[in-house]
There are 2 protein chains.
Amino acid sequence: MTAFAHKISARDGAARLGQLTTAHGVIDTPTFMPVGTVGTVKAMTPDAVRGTGAQMILGNTYHLMLRPGAERVDRLGGLHKFMDWPGPILTDSGGFQVMSLAKLRKMTEQGVEFQSHLDGSSHMLTPERSVEIQRLLDATVTMAFDECTPFPATEIEAAASMRLSMRWAQRCRDSFVARPGYGLFGIQQGSVYPDLRAESAAALAAIGFDGYAVGGLAVGEGQETMFGVLDHAVPLLPEDRPRYLMGVGRPLDIVGAVQRGIDMFDCVIPTRSGRTGQGFTRRGTVNIRNARHLDDPRPLDEACACPACAKFSRAYLHHLFRAEEILGAMLLTWHNLHYYQDLMRGIRSAISERRLAQFASEAAALEAQGDIDPV
Amino acid sequence: MTAFAHKISARDGAARLGQLTTAHGVIDTPTFMPVGTVGTVKAMTPDAVRGTGAQMILGNTYHLMLRPGAERVDRLGGLHKFMDWPGPILTDSGGFQVMSLAKLRKMTEQGVEFQSHLDGSSHMLTPERSVEIQRLLDATVTMAFDECTPFPATEIEAAASMRLSMRWAQRCRDSFVARPGYGLFGIQQGSVYPDLRAESAAALAAIGFDGYAVGGLAVGEGQETMFGVLDHAVPLLPEDRPRYLMGVGRPLDIVGAVQRGIDMFDCVIPTRSGRTGQGFTRRGTVNIRNARHLDDPRPLDEACACPACAKFSRAYLHHLFRAEEILGAMLLTWHNLHYYQDLMRGIRSAISERRLAQFASEAAALEAQGDIDPV
């Protein structure tokens, strides 16, 4: 018995259209999860996030364990209640952030000892503690605690790192308490090395997880290399379970990964870009701070129905960013998250109509044209 | 013929319940106008502002003339369209900000020459230019350009300042182009001196305005002194026109001013406090950053129906402010504006039921009790 039903209703090449049924609701896949690092999708109300069409969000174990603390979130009724997101939440394991954000790290077979980047306090993350924290947060999907293998890594380094993650994956499985509609995902590692990806996939399948993530990508290797790894790595994962590509990505990264069989995505790009003035459109990104928008009465994206595009001009958005007004970050984040959900809706329609390759080439051609000024 | 109909439907002592009909909609008075300094009520969408019950907002001539520029706003269809606020907008004249924010000011009979606090560029504000800017912004209510007399001022200083403002008031009236549903308000000055307040009121009434503001208060004189001035100054203003107390204030300031015959208010306090972690409740303000809220599952204000109080705990709001998350500023601003509109709804009900004195004493008693911790 598995924790989740993942029902596939259509296929187009390796791409799958599906529904994942969880304790907190049903997710249409392929899905994009906005990132809510410390219990908030930055600059958005939960109602606004829902309004974009997002069905599932991501929370960060590393950030939440430090502040407000997992035991505190548990006492307050769990992360869903705390942040008013009754829908599904996937939490990462903390493995990535502890290596990229924390100070004075010491990694052993047991786990990672580190100092908080906030106040220097000492903490220990182990596979067992990571799973416990995610249970305290009431995560719908718990991610196995692993080491995100740095890029580039030699094959020897990548093998040692991956095998440590596989031993940790077993410890995560052993300590995870199964509940209906809740699940634990394993994470495939192995860097760019096909044999290691295969070994990792086999190790995870032998342990048995409710879903499988492809880890160690989107770390600077570039789209071509990433797609190359996915071509080989994704077919190694169990066919009947959801597949999650962590930390990806830009719109065409997502389209290409769906074509290679990925069902789930998360990325900070739409939210972070929204706060720095980068807006996504079908013709690529637009830097709304650029002076050419000063007098432009058009919406950011003529094809978008989000509140930012329905009600405001580029000139207004430009003004908000120049004046450093919070509403600028709010509106552009809203637009970008809406854009990403529009993209996922488009992808799902294309799969159901078996025209994903056409969808992908049209999206690439339009993005290559770039933004145009008013006539 | 006057530009606005101001229909008084009930009275309670000097307090008036009314409706002001403008080109952009009907306002229930007494009213509180949230401040949208540079074309946005900070950290709020216009929909959210409307949702609190706000019917009219304020924009700032000084800020908007510098960025994005009045001519630009006009080309883009006016401030209502630019910022998606189709309702009434009152714009200040720039007189206050040019003295408090701009650099290297030179004031003459003609007007004020100054350098922008943003980029050092040189500008001139005169009564005629201020009125023109407000017309370009498409302000529903244009405020006369005046000098906000500093506090304290000697009677001689206050007289000279007030008489300059009265000469400027005449020039504003002369250059203002009347349109149905649009109006021009004069501003009474005279500091704390009864004779000067009377002279100013008579000068304004002789010119004839569509509404009358009490200026030069809320500049550090304290509530007792302010109420003392209002006791004398408000009855001097034409009875049939709306009366506006500029830049006021805290909740009990507003209640007391309504009891003295004021119909309109604006103040940055609810929005600014919302961004710095101060939340308004019937029991006074709460500093949500205080550690005593760390584990408090209660809403900020049990009696409030705003989204922040309906959906989130003090513990969550505290967390957002500690983590410096934008959503903290968004939710607390939302609450504070909702709180202020609740206050105005309460005041209007009390006037209609002739129990404003009771309302005022109950509000004062509750605020004096202070916030209570959970049992």
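Starting afresh in each chain, residues are numbered from 1 along the sequence in its written order. To label them, take the chains in the order written and letter them from A, then take the ligands in the order written and number them from 1. A pLDDT threshold of at least 70 governs which residues receive local features in this predicted model, and a stricter bar of 80 or more applies before side-chain atom pairs are shown or counted, although totals over entire chains, interfaces and linings include all residues.

**Comments concerning the sheet that holds strand S3 (residues 25-29) of chain B**
All names here are of chain B.
Okay, step 1: In this scheme, strands are said to pair when DSSP sees at least two bridges between them. Helix and strand definitions here come from DSSP, where helices need a minimum of 4 consecutive H or I residues and strands a minimum of 2 consecutive E residues; each element is numbered from the N-terminal end. Reading across the sheet, the 3 strands line up as S1-S2-S3 and stay open at both edges, with antiparallel pairing between neighbours. Looking at strand neighbours, the two that pair on one side only are strand S1 (5-12) and S3, the edges of this open sheet. The mean inter-strand angle of the sheet, taken between neighbouring strand axes irrespective of direction, is 15 degrees.
Okay, step 2: Two strands pair when backbone bridges link them, and S1 and strand S2 (residues 15-22) are joined in this way by 7 bridges, in the antiparallel orientation. Within S2, the position partnered with His6 by the bridge is Leu20. In this analysis, axes come from line fits to C-alpha atoms, helices being fitted only over the stretch in contact, and the angle between any two N-to-C directions falls in the range 0 to 180 degrees.

**Let's talk about the sheet that holds strand S13 (residues 243-245) of chain B**
Residues and elements named next belong to chain B.
Okay, step 1: Strand order in the open sheet made by the 8 strands is S4-S14-S13-S12-S11-S10-S6-S5, with parallel pairing throughout. Strands at the two margins of the open sheet, each flanked by one partner only, are strand S4 (31-33) and strand S5 (57-59). On average, adjacent strands in this sheet sit at an angle of 25 degrees to one another, irrespective of strand direction.
Okay, step 2: Here S5 runs beside strand S6 (residues 89-91); their pairing, made up of 3 bridges, is parallel. In the strand pairing of S6, Leu58 is matched with Leu90.

**Focus: the relation of the copies chain A and chain B**
Okay, step 1: Note on the copies: chain A fits chain B at an RMSD of 0.0 Å, the axial shift is 0.0 Å, and the rotation between them is 180 degrees. The transformation just described matches what one would write down for a two-fold rotation axis. Relative to the rotation axis, the C-alpha of Ile326 of chain A is the closest in chain A, positioned 3.8 Å from it.
Okay, step 2: The contact criterion used here is simple: two residues whose C-beta atoms, placed from the backbone, lie within 7 Å are in contact. Mapped onto chain B, 100% of the interface residues of chain A again fall at the interface, so both copies present the same surface. Residues below a pLDDT of 70 in either copy are left out; the C-alpha atoms of the rest, at least 70 in both, set the least-squares superposition of the copies.

**Quick word on the environment of Asp74 of chain B**
Okay, step 1: One can find Asp74 of chain B in helix H3 (residues 70-75).
Okay, step 2: Along the backbone, Asp74 of chain B and Ile133 of chain B are 59 residues apart, and their C-alpha atoms lie at a distance of 9.2 Å.

**Comments concerning the interface of chain A and chain B**
Okay, step 1: With 30 residues of chain A at the contact, the number on the chain B side is 30 residues.
Okay, step 2: Contributions of two or more residues to the side of chain A that touches chain B are made by helix H3 (70-75), helix H13 (314-322) and helix H14 (326-352) of chain A.
Okay, step 3: The element that contributes the greatest number of residues to the side of chain A that touches chain B is H13 of chain A, accounting for 5 residues.
Okay, step 4: Polar here means any residue other than Ala, Val, Leu, Ile, Met, Phe, Trp, Tyr, Cys and Pro, which are nonpolar, and Asp, Glu, Lys and Arg, which are charged; Gly is therefore polar. Split by residue class, the side of chain A that touches chain B holds 16 nonpolar, 5 polar and 9 charged.

**Re the environment of Gln189 of chain A**
Residues and elements named next belong to chain A.
Okay, step 1: The topology assignment puts Gln189 in the loop between strand S11 (183-188) and helix H8 (194-207).
Okay, step 2: Residues Gln189 and Arg16, spaced 173 residues apart in sequence, show a C-alpha to C-alpha distance of 22 Å.
Okay, step 3: Beyond its immediate sequence surroundings of up to four residues, Gln189 is in contact with Asp146, Thr149, Ser161, Met162, Ser165, Ser200, Gly215 and Gly216.

**Remarks on the domain arrangement of chain A**
Residue and element names in this part refer to chain A.
Okay, step 1: We note that the domain assignment places domain 1 (5-266) and domain 2 (274-369) within chain A.
Okay, step 2: Boundaries between domains were set according to an automatic or database domain assignment. Domain 1 and domain 2 are separated by 27 Å when their C-alpha centres are compared.
Okay, step 3: Contacts between domain 1 and domain 2 engage 25 residues on the former and 24 residues on the latter.
Okay, step 4: Every element with two or more residues in the side of domain 1 that touches domain 2 is listed here: strand S1 (5-12), strand S2 (15-22), strand S4 (31-34), helix H1 (46-51) and helix H10 (251-259).
Okay, step 5: Residue contributions to the side of domain 1 that touches domain 2 peak at 7 residues, all from H10.

**A short note on helix H8 (residues 194-207) of chain B**
Because an α-helix packs 3.6 residues into every turn, residues spaced three or four apart end up facing the same way.
All names here are of chain B.
Okay, step 1: Between its terminal C-alpha atoms H8 stretches 20 Å, which fits the 20 Å expected from 14 residues at 1.5 Å a residue.
Okay, step 2: Exposed residues have 12 or fewer other C-beta atoms within 10 Å of their own C-beta, buried residues have 20 or more, and partly exposed residues fall in between, where C-beta atoms are placed from the backbone. Burial in H8 covers these residues: Leu196, Arg197, Ser200, Ala201 and Leu204. Seen end-on, H8 carries its buried residues on one side only, within an arc spanning 135 degrees. When the buried face of H8 is taken as reference, the exposed residues oriented beyond 90 degrees from it are Asp195 and Ala206.
Okay, step 3: Summarising the contacts, the buried residues of H8 are in contact with helix H7 (155-175), strand S11 (183-188), strand S12 (211-214) and helix H9 (223-233). By definition here, a helix of n residues has an expected span of 1.5 Å times n minus one. Summarising the geometry, the arc corresponds to the directions from the helix axis toward the C-beta atoms.

**Some words on the pairing of strand S3 (residues 25-29) of chain A**
Okay, step 1: With 5 bridges connecting them, S2 of chain A and S3 of chain A associate as antiparallel partners. Bridging across to S3 of chain A, Thr22 of chain A finds its partner in Gly25 of chain A.

**A closer look at the pairing of strand S8 (residues 112-115) of chain B**
Residue and element names in this part refer to chain B.
Okay, step 1: Residue alternation in S8 divides its side chains into a buried set, Val112 and Phe114, and an unburied set, Glu113 and Gln115.
Okay, step 2: In this structure, strand S7 (residues 103-107) lies alongside S8, joined through 3 bridges in antiparallel fashion. Paired with Lys103 across the strands is Gln115, a residue of S8.
Okay, step 3: Between S7 and S8, which pair antiparallel and follow one another directly, the connecting turn spans 4 residues.
Okay, step 4: Here S8 folds back onto strand S9 (residues 122-125) in antiparallel fashion, the turn holding 6 residues, of which Gly120 has a positive phi close to 75 degrees.

**A word on the confidence of the model for chain A**
Okay, step 1: Each residue gets a pLDDT score, which is the predictor's confidence in that residue and runs from 0 to 100. Taken as a whole, chain A shows an average pLDDT of 96; of its residues, 99% reach a score of 70 or greater.
Okay, step 2: Model confidence for the complex: the whole-complex pTM is 0.97, and ipTM, which rates the interface, is 0.97.

**Some details on the environment of Ala169 of chain A**
Residue and element names in this part refer to chain A.
Okay, step 1: Following the sequence through the fold, Ala169 ends up in helix H7 (residues 155-175).
Okay, step 2: In this structure Ala169 comes out as buried when scored by C-beta crowding, with 26 C-beta atoms within 10 Å.
Okay, step 3: Taking the C-alpha atoms as reference points, Ala169 and Lys81, 88 residues apart in sequence, are found 29 Å from one another.
Okay, step 4: Setting aside residues no more than four positions away along its own chain, Ala169 makes contact with Ala144, Asp146, Gly186, Leu204 and Ile207.

**Focus on the packing of helix H11 (residues 269-276) of chain B against helix H14 (residues 326-352) of chain B**
Residue and element names in this part refer to chain B.
Okay, step 1: In the contact formed by H11 and H14, the axes pass within 7 Å of each other and the chain directions differ by 150 degrees. Relative to H14, the element H11 lies roughly antiparallel. Classified by chirality, the crossing of H14 by H11 is right-handed. Contacts from Pro270, Thr271, Ser273, Gly274 and Arg275 in H11 reach Ala329, Leu332, Thr333, His335, Asn336, Leu337, Tyr339 and Tyr340 in H14.
Okay, step 2: The residue inventory of the contact of H11 with H14, partitioned by class, reads 6 nonpolar, 6 polar and 1 charged. Note on terminology: angles under 35 degrees are roughly parallel, angles over 145 are roughly antiparallel, angles of 65 to 115 are roughly perpendicular, and the others are oblique. Handedness of each helix crossing follows the sense of rotation of the near helix against the far helix: counterclockwise by less than a right angle gives left-handed, clockwise gives right-handed.

**Thoughts on H13 of chain A**
Okay, step 1: Within H13 of chain A, 8 of the 9 residues are buried, which leaves it mostly tucked inside the rest of the structure.
Okay, step 2: With its phi angle positive at about 55 degrees, Glu324 of chain A sits one or two positions after the end of H13 of chain A.

**A few points about unusual backbone geometry**
Okay, step 1: A cis amide bond links Phe151 of chain A to the next residue, Pro152 of chain A, at an omega of -5 degrees.
Okay, step 2: Mapped onto the fold, Pro152 of chain A is located in the loop between strand S10 (141-143) and H7.
Okay, step 3: Here the residue pair Arg67 of chain B and Pro68 of chain B is connected by a cis peptide bond, since its omega of 10 degrees sits within 30 degrees of zero.
Okay, step 4: In this fold, Pro68 of chain B is placed in the loop between helix H2 (61-66) and H3.
Okay, step 5: Backbone geometry places Leu104 of chain A, a non-glycine residue, at a positive phi of 50 degrees.
Okay, step 6: Note on placement: Leu104 of chain A falls in strand S7 (residues 103-107).

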